[in-house]
Amino acid sequence: FSLLTNLLVLAQPLYMLQVYDRVLPSQSTNTLLFLTVVVTFSLVILGLMEIVRGVIANRAAARFDVGLSDLALRTVIHASPGGGGNAQPLRDIAALRGLIASKVLFAVLDLPFATIFIAIMYFIHPALFWLTLGGAAAYEGRLDARADRIGDVVRRFGITTPALAALGPGAI
């Protein structure tokens, strides 16, 4: 599923390469029309696949939630007979459900393809490869700086959750 999605993502850059290499020099409208129809079809398929991915993620998240919420609710009720129980397990399940339903897990599955695509850039043109690699490194540095700012806020306000505590003192 991920392989096909990532191959369909390549439709746009390949379209532009073909337009510049074949259509513009020969001024062939037939070639342009054929390429446009093929790329439009592939982008429609890509959109449908993204919709299916979202539906699958939402169903998996709902199944996860239904499977664990009942147990977590019983645990919370039985752990505090006097009332005022700790609802943190329920919040943790809700957070995990949100993670499963989001596109984060699919981004992790797509990550190996990004490295393959960057490697292919070298064969297209080495300068394009180095430009892409430099941009990726700059973006990574920007993400690291943002994570550091979030960690500072967490430490300053003393935000603690069982998940952060489990990571240890140097995690954030």
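Rules behind the numbers
Residues numbered from 1 in each chain as written. Predicted model: local features only at pLDDT ≥ 70, side-chain atom pairs only at ≥ 80, totals over all residues. Heavy atoms only, no water. Phe/Tyr/Trp six-rings, centres within 6.5 Å; stacked < 30°, edge-to-face > 60°. Buried < 20%, exposed > 50% of the residue type's maximum accessible area, 1.4 Å probe, protein only. Salt bridge = Lys/Arg side-chain N within 4 Å of Asp/Glu carboxyl O. Helix = DSSP H or I, 4+ residues; strand = E, 2+ residues; numbered from the N terminus.

Asker: I keep staring at the packing of aromatic side chains and nothing clicks. Help me out?
Answerer: Any pair of aromatic rings gets described here by the distance separating the centres and the angle formed by the planes. Taken as a whole and assessed by the stated rule, the structure comprises three aromatic pairs. The interplanar angle of 90° and the centroid separation of 5.5 Å between the aromatic rings of Tyr122 and Phe129 together place this pair among those described as edge-to-face. Taking the relative accessible area as the measure of exposure, Phe129 reaches 14% and is therefore buried. A centroid spacing of 4.9 Å and a plane angle of 70° characterise the contact between Phe129 and Trp130, whose relative ring orientation is edge-to-face. Pairwise contacts between aromatic rings join Tyr122, Phe123, Phe129 and Trp130 into one cluster.

Asker: I tried to follow the pattern of salt bridges on my own but got confused; where do I start?
Answerer: Where charged atoms from two side chains of opposite charge approach closely, those side chains can pair. Summed over the entire model, instances satisfying the criterion amount to three salt bridges. Taking the shortest distance from any N to any O, the salt bridge between Glu50 and Arg53 comes out at 3.2 Å. Of the two residues, Glu50 and Arg53 both sit in helix α3 (residues 29-79), three residues apart, roughly one turn of that helix. A cluster of three or more residues bridged by salt bridges with shared partners is formed by Glu50, Arg53 and Asp110.

By themselves, these are just geometric observations and shouldn't be taken as functional.
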